[in-house]
Amino acid sequence: MQQQSYSWVPLFPERASSFAWEVDALYFYLVAISVFFTVLIVATIFYFAIRYREKEKFKSGAEIHGSLLLETTWTAIPFVIAMTIFLGGAIVYYNQYRPPKDAMEIYVVGKQWMWKMQHPTGQREINELHVPVNTKIKLIMTTEDVLHDFYIPAFRTKADVVPGRYTTLWFEATKPGKYHLYCAEYCGLNHSGMGGWIYVMEKEDYERWLAGNVSNQTPAEAGKELFEAKLGCASCHQQNDQGRGPTLVGLFGKEVKLANGQKVIANEEYIRNSILNPQGQIVEGYQPIMPTFKGQVTEEQLVALVAYIKSLGTQPQSNTMTASN
Amino acid sequence: MENIKATETKEVKVNYLNNGYSIWSWLFTKDHKRIAIMYLISISIFFLIGGLYAAAIRLELLTPQSDLFETGTYNKIFTHHGIMMVFFFLIPAIPATLGNFMIPIMIGAKDLAFPRINLLSLYLYWLGGIITLWALLQGGVDTGWTFYTPYSTTFSNSYVVAAGLGIFINGFSSILTGLNFIVTIHTMRAPGMTWFRLPLFVWAHYATSLVMILGTPVVAITILLVAVERIARIGIFDPAIGGDPILFQHLFWFYSHPAVYIMILPSMGVISELIANFSRKRIFGYEFIAFSSIAIAVFGFLVWGHHMFVSGQSIYAGLVFSFLTMVVAVPSAIKVFNWTATLYKGQVSYDTPMLYALGFIGLFLIGGLTGLFLGSIGLNVHLTDTYFVVAHFHYVMVGGTVLGYLGGLHYWWPKMTGKMYSEFWGKISAMLVFVGFNLTFFPQFILGYMGMPRRYAAYPPELQVLNIFSTAGASVLGVGLVLPVIYLTLSLIVGKKAPANPWLLPGLEWRTSSPPPTENFEETPVVTWEAYEFSEDNGLDIEKAKRELVTA
Amino acid sequence: MADTHKHHHQPGLQHQFENMEQQQESATIGMWMFLVQEIMFFGGLFTAYLVFRSRYPMAFAAGSNHLDAFLGGLNTLVLIVSSFTMALTVYYAQKSNRTMQVVMILLTMFFGSVFLGVKVIEYSDKYNHGLIPVTGWNKKTPVSAEKAELGSFVGTKVSAEEATHGKESAHTGGDKTSHDGHHEKPYYNPTGDFQWNYGGEDLVMMAKQAGYLTEAEKIGYFDPITKEFDPNRFRDKVRIFYWIYFAMTGLHALHMVVGLIIMSWLLFKAIQGTFSADYYSPVEISGLYWHFVDIVWIFLFPLLYLLGRHFLHGGGH
Amino acid sequence: MADKKHKHHHEEHLHIGIPGYFLVFVALVIGTIVTYLVALRDLDWLFPGANTLVALSIAFTKMSLVVLYFMHVRWQSNLIWLTALGGFFWLAIMFAFTMQDYLTRSVIGK
Ligand code: HEA
Ligand code: HEA
Ligand code: CUA
Ligand SMILES: [Cu+2]
C-alpha cells in the first residue's frame, strides 16, 4: 500500500493539484499583508505607549481632534488593498470552479457516513478514490441524506454536496501519492469518521488498478482495511455495543438472536448474508439501517471481510475510531 | 450644587444598591442598573457553562482518537458550547450589562425609555435560557450552533425543537433591548447632549441596536420554521419533500453574519472609551469612528453569503458577497487606525482596563485580517470549515469581544459596585488571558491551513502536536478568565470604597456618585462640553474629585 | 431631590421622562421600531415565498386556485373597514370624544373578529378537503368500497386501472365545466394526509407548451427516468405553497388575536375616560400596530389568493 | 431632541379629518376590488408577468395610503419617515440578495 504523502515543509500541507500553488500564492500574499499591518500597528502602539506614557498623574494629553488627510489615506489604502485581495480570490476561484470540458467524470455520492464513488468504467469504491496523475478529473456529486462536503486539503479544494442536487468539483492531481479525504460539512454522529484517501497514481498504475490488480495482503489484513476504512463498517460496528450496529467482536460461531425470534449460528454464510442482504436477518434490538453492500463489494472482498470478522475472535479490537491507516 | 453638598455630608448615600434589599426589590425592579446587574450575573453563569464545554472540547482534542467522549457526545459538546457562548453569553454580554447600566447615565437620563420592557427582556432572556438549558440537560442538541438543514430538521435525533424555542425567545430579549436603546438615545438625551457629544460607546450601541432590530426577527422566524418542520414533518428546508436547504442558510446568515457585529460593535465602543480616557485626550477622528459603526452595521447586512461560498450558491452571488466582504472590512480598519493615532501625544496610563484595550487591538487585528483570508473567495474554498475559521472567530470573539467586555467591566466596576478591585490581580489576569489566548488559538490557524476540518472528534495523528499546544493554552486562558471572577467577587467584600471619579475622567457617568443613585443624577445634568473633553472647559470640579480620590 | 418628582403630578407621566412630549415621542418611535422588527419577522416568510414562487409558479398557481379568493377579498375589505374605524378611534381620542371613541373601538373589534371568523371558515374548508399540509391533520375518511374504486390518484397507492382512469379524465374532462378548471376527485383520505387531488397536469402541459416552465419546474414536476409528469412531485410543490399559506396567514391571524387583546385593554381604558386630547398616545400606537397588521394582509391577499389565477381564467396560459 | 421643541397645535393633530379618512377608505376599497377583478383577466398579452406587476402595484399604493394617512406618517418627523422606509428597504435587501443567488445559478460556470 502507498504511504501517506507529507509536505517537506513542516506544518504545511502537501501541494498536489494544478491550482494548489495559486491558492498558496494568494495565501502568502495575505500573510504578507497581515504581517505588514500587524507589525505596523503593534510597533506604533508600542512606540506611542512608551513615548507618551503618563508622566504626571492626571495631566491631560494634547488637544488633537483628527486629520482629514490621514483619515482619507487610511481609508483609501486599505480599500485598494482589499480590492486586490478580492480580485486575487476571484481569479483563483474562477479557475477552480469552472470544470474543463474534457475532464474524466467520476460520480460521488455522500451518505451518512461514507463516500461512494463510481468510475466512468464502472468500478466502485468506498471512502477511497484512485485517480491518475496529470489528468483533469471532474466529480459530480450528490448525497442521499444530509449535507456533506468533499474536501482534499492537498488539492486545496472542496465543495458541499447537497441533497436533491448535483454539485461539481474538479482538480488535476500533479503528484502521485496518498492524500487525506475529509467530510468538511458537519453531518452528524460520525462526521469525523467520514473520511478516506485519495490515491494519485501514475497513469499506467491506474490502468493496472482499474484492471483489478490487488495488493498482496492476507485476506484478513485486506478485510481489516476494508472494514475500518474503505467500506466504513467501523462507523457502525465498534469494539463495544455503543455503535449503531452490534459489535462484531467474538461474533463468529456465536448464536445470534434475530428480531423475528429465530436463532442462528453466525457462520460464514450468515456473515456473507448480513453484508449482502442485511434486511434479511435483523439482529434483535437493532434497527434495520445497515445499507446493503451488494454490488459494492467484490467476492474477493467478501472473502476478506469474512476472514477479518473471523479473526476478531474474542479479543478486543483496536480502537476503530482512529483516523489513522 | 446645593443638593450635592447636602448629600455629601450624609454618612450613607442612598444609591441604587441600598434602597431595598428584598428579593422582590430586585425581581420587580424597573431600574436599568439593577437589571444590568442581574444580567451580569446571568451571563457570567452562561459563560462558565460555555467555558466548561470549551474545556471538554480541548481535552478531547488532546489525542487524535475520540477517546474521552463518544463522537456523538463530542458533537453535542461543541454545539452546546457554541449555543451558550453565542446566544446566551456574547450577544447580550456588553449591551445588556454595560450598555444597560451605562447608556442612560452617559446621556444624562434617569432610565431607559421603557423600563418595564427592559425588565421583560431580562425575563425573556431567563426563560429562553432555562428552556435551552433544559434541552441541553435532557439530552442535548447535536446540530452545531448553525442548525443546518436537513440535518436539523430531519436527521438529528436530539432536542432541536426545545433548544430552538429557547433561542427564539432569547431573540426577542435582544430585539427589545435594541428597541429600548434606540428610543432612549433618540429621546432621552440630557440638555446639551447633542449627537456629536455622545460618547462613542453610545454610538456603538446605537449601531448594534439597529442590527438587533433588523436581523434578529429573521433568525427567530427561521428557527421557528425549523421547529415546525421537525414537528409536522413538512416544510421548506428538507429537499426530500421538495424544500431547499440553501434557503435556510440564506435566512440564517442574514441574521448571523450581522450578529457578529452585534458582538463586536459594543466592544469597539468600550475600546473607544478606554483608549481615549486612558490617554487622557480627545479621541482621534471622532466622527469617523462614530460613522464607521453605522457603516459596519449597515454594510454588515450585505455580506452574509461569505459563509456559503462552497454551499452551492451561484458563483455570481459568491463573487458579489466576496466583494462586499472586503468593503465592510474597511470601516473596521478605520477604527483601528484611529485608536492607534489617539495614543499619539497622550498621557497614557496602564491600568487594567487599558491593558485589555491594547490586547484587544492586537487580537482583533489578527482576527479581522484572517477574516480577509476567509472573505477572499478563492482562499475560502480551502479554508472554510477548517480550524482556520475556528481560529478566526475566536480571535474576533474572544480576543475581540471578550477582552473588550473584560476591559469595560474593570473600567466601570467601581462605578457599578462602589468598590475598587485589586489592580495587581487585574494585571496578572490580563496577561494570562493574552498569553493563554494566543497559545490556544494561534496554532489553530496552522492546523486549519493544513486542512484539519472543524467539528471533528477524531483527527489524523500528524496533527496532534499543534492540538496539544492549543489545549495547553486553553488551560492558561481558563485560569486567566477564572481569576477575575474571584478577585472581582472578593472586591465586593474587601475592596476599597470607590470614589465618584476614580480615574478623574470627564464623562457624565463619572459625575454622579459611585454607585449612582436610583435616578442616576441628583439633578438633570446640562452638557456643555464635547466627548472626551480633558481641557478646562469640561466643567469638572477637578479639585473636589482629587480630594475624594485621596480620602477614599 | 424633591423637585425631580414634581412632574409626577401630571397624569400618565412616567418617572423616567421629563415631560409628556418626550414620553409620547418615545412611544411613537418605539412602536415604529417594533413595526420594523415585525416587517423583518414576516420578511423571512416573504423571502421563502419569493424563492419558491419564482421556482414553481405553476404549483403555486394551482395551489392558490384552491383558496377561496372571494372570501379572501371579503376579508381584505373587512380589514380595511376596521382600519378605517381604527383611524377614527384615534381621531375621536384626539377630539376627547369618549362615546365615539368607545363606539369606534367596538366596531374595530367587531370587524377584527369577523376577519378571524372568516379565517376559521377557510381553515376548516381546507381541513375538509385535505389541504392542510401535515399528515394526520386533515379530515380522515375511512376506506369505503365505492369511493376507493374511484380513487384519488395522489397520495395513496392506486391500481393501474385507477391510474389510467384518473389520467383519462384529466385529458377529456371538461376544462371549462369545473369552476376553476381543475378536476376534482372524490375525497378519500384514510390517513388524513395532505391530499392534492386536483390534477395539475393540464396546467403544467399548458405552461410547457407556452414555454413558461422555469428551470426548476422542468426538473421538479417530472419523473427523472420516464420524463413524464409525476403528480406526486407536483403535489410536493403544492404542499410547499400550502405550508407557506398556513405559516403566513397563521402568523397574521396570531397578530390579529394580539391586536384584539390590545383593543380590549384600550376599550377598558377608553370607557374609564383615560384618553383625551392631552393624552392619547396609547390609542395612537395601538392604531399603528393595527394598521400594520392590515398592511401585511394587503400583501398576503394578492400574493396568496390571486397571483396565477389568470392562468386558469384567462383560458390561455 | 429635548432641545428641539415640537409645535403643538390642535389642528395639526386632526390631520385630514373624517372626510379625509373616508376618502382614503374608499380608495382602499376600490383598490381591493380592482385587484380582485384584474386577477381574473389574463394580462400576459401586455408582457409576461403583467398580472403580478399590476397586483403588486395596487398593493403598494394601498400600503402607501395606509402608512401615510392612517398611520399619520405624512405629518411625522423625518425620523419616522426614515424608519418606515428603512424597514421596507431592509426587506428589499433581503429579497434582492437572496434572489441574486437563485436567479444567477446558471449564469456563469456549470
Ligand atoms: C465578533 C465576531 C466576528 C467579527 C467581528 C468578524 C469579522 C469578520 N469576519 Fe468573521 N466570523 C465570525 C465572527 C466574526 N467575524 C464567526 C463566529 C464565524 C464562523 C461562524 C461559523 O461558521 O460557525 C465567522 C466566519 C467568517 C467567514 C466564513 C468562514 C467560513 O465558514 O467559510 C468569513 C468569510 O468571509 C468571515 C469574514 C470576516 C471579515 C472579513 C470580518 C471583518 O469584519 C474584519 C474586519 C477587520 C479588519 C480587517 C482588521 C483591521 C484592519 C486593519 C488594521 C487594516 C488592514 C485592513 C485592510 C487591508 C482591509 N468570517
Ligand atoms: C463567545 C463565543 C465563544 C467563546 C468565548 C469561546 C471560547 C472558547 N472556545 Fe469556542 N466556539 C464558539 C464560540 C466561543 N468559544 C463557537 C460559536 C464555536 C462553533 C461551534 C460549532 O461548531 O457549532 C466554537 C467552537 C470551538 C472549538 C471547535 C470545536 C470543533 O469544531 O470541533 C474549539 C476548539 O478548540 C473551541 C475552543 C474554545 C476555547 C478553548 C475557548 C476559551 O476561550 C474558553 C475559556 C473559558 C473558560 C475555560 C471558562 C473558564 C471557566 C472554567 C474553566 C470553569 C471553572 C469553573 C468554575 C470556577 C465554576 N471552541
Ligand atoms: Cu459527512 Cu460530515
Ligand atoms: Cu460573516
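Note that the structure is a prediction, hence the values are computed from the model and not measured.

The full count for this structure, using the stated rule, is 20 salt bridges over all chains. For B:Arg282, the salt bridge is made with B:Glu533, and the minimal N-O distance between the two is 2.9 Å. Of the two residues, B:Arg282 is situated in the loop between helix 9 (245–279) and helix 10 (286–299) and B:Glu533 in the loop between helix 16 (464–494) and helix 17 (542–551); the sequence distance between them amounts to 251 residues. The partner of C:Glu122 in a salt bridge is C:Lys119, and the shortest N-O contact between them spans 3.2 Å. With C:Glu122 and C:Lys119 both in helix 4 (residues 98–128) and 3 residues apart, the pair spans about one turn of that helix.

So, about the site of ligand 2. All names here are of chain B. Close to ligand 2 lie 33 residues, the nearest being Arg 58, Tyr 74, His 81, His 394 and Arg 455. Tyr 74 places a polar side-chain atom, nitrogen or oxygen, 2.6 Å from an oxygen atom of ligand 2. Between Arg 455 and ligand 2, the recorded distance is 2.7 Å, taken from a backbone N or O atom to an oxygen atom. Looking at the shell around ligand 2 residue by residue, the class counts come to 22 nonpolar, 8 polar and 3 charged.

All right, on to the interface of chain B and chain D then. Of the residues lining the interface, 24 residues belong to chain B; the matching set on chain D comes to 15 residues. The contact between chain B and chain D buries some 1,900 Å² in all, and 72% of this surface belongs to carbon and sulfur atoms. Taken together, the links from chain B to chain D amount to 0 salt bridges. Here chain B is connected to chain D by 5 residue pairs in polar contact (both at pLDDT 80 or more). Of all elements in the fold, only helix 7 (160–187), helix 8 (200–232), helix 9 and helix 11 (315–343) of chain B reach the threshold of two or more residues within the side of chain B that touches chain D.

Here we take up the site of ligand 1. Taken together, 33 residues lie around ligand 1, and B:Trp145, B:Tyr261, B:Thr384, B:His392 and B:Arg454 are the ones closest in. Of the chains in the model, those with residues near ligand 1 are chains A and B. Here an oxygen atom of ligand 1 and a side-chain polar atom of B:Trp145 are 2.8 Å apart. A distance of 2.8 Å separates an oxygen atom of ligand 1 from a polar atom in the side chain of B:Arg454. Mapped by element, the contributors of at least two residues to the shell around ligand 1 are helix 2 (68–97) of chain A together with helix 9, helix 11, helix 12 (352–375) and helix 14 (387–417) of chain B. Here the element with the most residues in the shell around ligand 1 is helix 12 of chain B; it accounts for 8 residues. Residues that form the shell around ligand 1 fall into these classes: 22 nonpolar, 10 polar and 1 charged.

Most contacts, when the 5 pairs of chains in contact are compared, are made between chains A and B. Regarding chain A and chain C, which are not in contact, the minimum distance between any of their C-alpha atoms is 10 Å.

Think of interface size as the accessible area that goes away when the parts come together; that is how it is often given. Residues and elements named next belong to chain A. What the domain assignment lists for chain A is domain 1 (104–211) and domain 2 (219–311). Once you take the C-alpha centre of each, domain 1 and domain 2 turn out to be 25 Å apart. Counting residues at the interface gives 10 residues for domain 1 and 11 residues for domain 2. With both chains or domains summed, domain 1 and domain 2 bury close to 940 Å², and 55% of this area falls on carbon and sulfur atoms. Viewed at the interface, domain 2 and domain 1 are joined by 0 salt bridges. Applying the counting criterion to the domain 1 and domain 2 interface returns 1 residue pair in polar contact (both at pLDDT 80 or more). Of all the secondary structure elements, the ones that give two or more residues to the side of domain 1 that touches domain 2 are strand 2 (114–118) and strand 3 (124–126). Here the side of domain 1 that touches domain 2 is composed, by residue class, of 4 nonpolar, 2 polar and 4 charged.

A separate point is the coordination of the iron atom of ligand 1. Residues and elements named next belong to chain B. Counting protein donors around the iron atom of ligand 1 gives one, His 392 (NE2), at 2.2 Å. Between the iron atom of ligand 1 and the copper ion (ligand 4), the interatomic distance is 4.4 Å. Secondary-structure assignment places His 392 in helix 14.

The subject of this paragraph is the sheet that holds strand 3 of chain A. Residues and elements named next belong to chain A. Strand order in the open sheet made by the 5 strands is 3-2-1-5-8, with mixed pairing throughout. The open sheet terminates on both sides in strands that have one partner only, identified here as strand 3 and strand 8 (167–172). Between one strand axis and the next, the sheet turns by 25° as a mean value, whatever way the strands run.

Okay, the packing of helix 1 (residues 20–55) of chain C against helix 10 (residues 281–306) of chain C next. Residue and element names in this part refer to chain C. The N-to-C vectors of helix 1 and helix 10 enclose an angle of 15°; their axes lie 10 Å apart at closest approach. One element, helix 1, and the other, helix 10, form an angle in the roughly parallel class. Handedness of the crossing formed by helix 1 with helix 10: right-handed. Contacts between helix 1 and helix 10 involve Gln 24, Ala 27, Thr 28, Met 31, Trp 32, Phe 34, Leu 35, Glu 38, Ile 39, Phe 42, Phe 46 and Tyr 49 from the former and Ser 281, Ile 285, Leu 288, Tyr 289, Phe 292, Val 296, Phe 299, Leu 300, Leu 303 and Leu 304 from the latter. Residue composition of the contact of helix 1 with helix 10, by class: 18 nonpolar, 3 polar and 1 charged.

Moving on, we get to the confidence of the model for chain A. Here chain A averages 84 in pLDDT, and 93% of its residues register 70 or above. Put simply, helix 6 (residues 299–312) of chain A is where chain A has its lowest mean pLDDT, 78, and strand 6 (residues 148–152) of chain A is where it has its highest, 96.

On to the interface of chain B and chain A, then. Contact residues are listed per partner, giving 97 residues for chain B and 87 residues for chain A. Summed over both sides, the interface of chain B with chain A buries roughly 7,800 Å², with 68% coming from carbon and sulfur. Contact with chain A buries area across many residues of chain B, yet B:Phe337, B:Gln347 and B:Tyr449 alone supply 9% of it, more than any other trio. Our count for the chain B to chain A interface comes out at 0 salt bridges. Between chain B and chain A we count 29 residue pairs in polar contact (both at pLDDT 80 or more) in total. Broken down by element, the side of chain B that touches chain A gets its largest block of residues, 15 residues, from helix 11 of chain B. Split into classes, the residues belonging to the side of chain B that touches chain A amount to 57 nonpolar, 28 polar and 12 charged.

So, on to unusual backbone geometry. Note that the residue after A:Gln112, namely A:Trp113, is joined by a cis bond; omega there is -5°. If you trace the backbone, A:Trp113 turns up in the loop between strand 1 (104–111) and strand 2. In this structure, B:Pro150 follows B:Thr149 across a cis peptide bond, with omega equal to -5°. Position of B:Pro150 relative to the elements: it lies in the loop between helix 5 (115–138) and helix 6 (151–155).

Calculation criteria
Residues numbered from 1 in each chain as written. Chains lettered and ligands numbered in written order. Predicted model: local features only at pLDDT ≥ 70, side-chain atom pairs only at ≥ 80, totals over all residues. Heavy atoms only, no water. Salt bridge = Lys/Arg side-chain N within 4 Å of Asp/Glu carboxyl O. Helix = DSSP H or I, 4+ residues; strand = E, 2+ residues; numbered from the N terminus. Near = heavy atom within 4 Å. Polar contact = N/O pair within 3.5 Å; in protein donor to acceptor, adjacent residues only side chain to side chain. Nonpolar A, V, L, I, M, F, W, Y, C, P; charged D, E, K, R; others polar. Contact = heavy atoms within 4.5 Å. Buried area = accessible area lost by both parts, 1.4 Å probe. Domains from an automatic or database assignment. Donors = N, O, S within 2.8 Å, 3.2 Å for Na, K, Ca; no water. Pairing = 2+ DSSP bridges. Axes fitted to C-alpha atoms, helices over the stretch in contact; angles between N-to-C directions. Parallel < 35°, antiparallel > 145°, perpendicular 65-115°, else oblique. Left-handed = near helix turned anticlockwise from the far one by under 90°. pLDDT = per-residue confidence, 0-100.

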